[in-house]
Amino acid sequence: MKKLINKGADISIRDFEGGNCLSAAAHNGHLDIVQILIIKHGFTPNIIDKTGRTALDYAEGPADTNENIQWAINSKAERKATAAFLRKHGAKTAEELKA
């Protein structure tokens, strides 16, 4: 993703569920990409997609049940660090935004 960003790719594109690259990076525990998107590109972490989740929901939530088990185990620490960074930058879960 870093190469795409550096080459000028449109990083504002959303998928069919309304998710963006910040949500995808958070879900996969890619802290370095989350940092670039928030700090350098000004992404707001509190956008709720069509499934009712924010980037923080993806970082803190469970891995998808169809994901590879080893990937889920390996990514837990990375997703925890990503969630901590998101919270430090004002991110909330969808439930917290409703309160």
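Refer to the structure presented above.
An account of the accompanying structure is given in this report. Keep in mind that this is a model prediction, so the values were computed, not measured.

Below, the discussion takes up the nonpolar core. By size, the foremost hydrophobic cluster in this structure holds 18 residues, and its most contacted members are Leu-22, Val-34, Leu-37, Ile-38, Phe-43 and Leu-86. Contributions of two or more residues to this core are made by helix H2 (21-27), helix H3 (31-40), helix H4 (55-60) and helix H5 (69-88). Excluding its chain neighbours within four sequence positions, the residues that come into contact with Leu-86 are Ala-26, Val-34, Ile-38, Pro-45, Ala-55, Leu-56, Ala-59 and Ala-91.

So, on to H3. Of the positions making up H3, those classed as buried are Ile-33, Val-34, Leu-37 and Ile-38. Each buried residue of H3 sits inside an arc of 120° when the element is viewed along its axis, so together they form one side. Among the exposed residues of H3, those oriented more than 90 degrees off its buried face are Ile-39 and Lys-40. Following H3 by one or two positions, Gly-42 has its phi on the positive side, about 70°.

In this section: the pattern of salt bridges. Tallied over the full model, the rule gives three salt bridges. When the shortest N-O distance is used, the salt bridge between Glu-60 and Arg-87 registers 3.0 Å. Placement of Glu-60 in helix H4 and of Arg-87 in helix H5 is noted, with a sequence separation of 27 residues between them. Under the relative-accessibility criterion, Arg-87 is labelled partly exposed at 36%. The closest approach of N and O atoms between Lys-98 and Glu-95, which form a salt bridge, is 3.4 Å. Linking Lys-98 with Glu-95, this pair stays in helix H6 (residues 94-98), spanning three residues, or about one helical turn.

Criteria and thresholds
- Residues numbered from 1 in each chain as written.
- Predicted model: local features only at pLDDT ≥ 70, side-chain atom pairs only at ≥ 80, totals over all residues.
- Heavy atoms only, no water.
- Core = buried A, V, L, I, M, F, W, Y, C linked by side-chain atoms within 4.5 Å.
- Buried < 20%, exposed > 50% of the residue type's maximum accessible area, 1.4 Å probe, protein only.
- Helix = DSSP H or I, 4+ residues; strand = E, 2+ residues; numbered from the N terminus.
- Contact = heavy atoms within 4.5 Å.
- Arc of directions from axis to C-beta.
- Salt bridge = Lys/Arg side-chain N within 4 Å of Asp/Glu carboxyl O.

The values are spatial; any link to function lies outside them.
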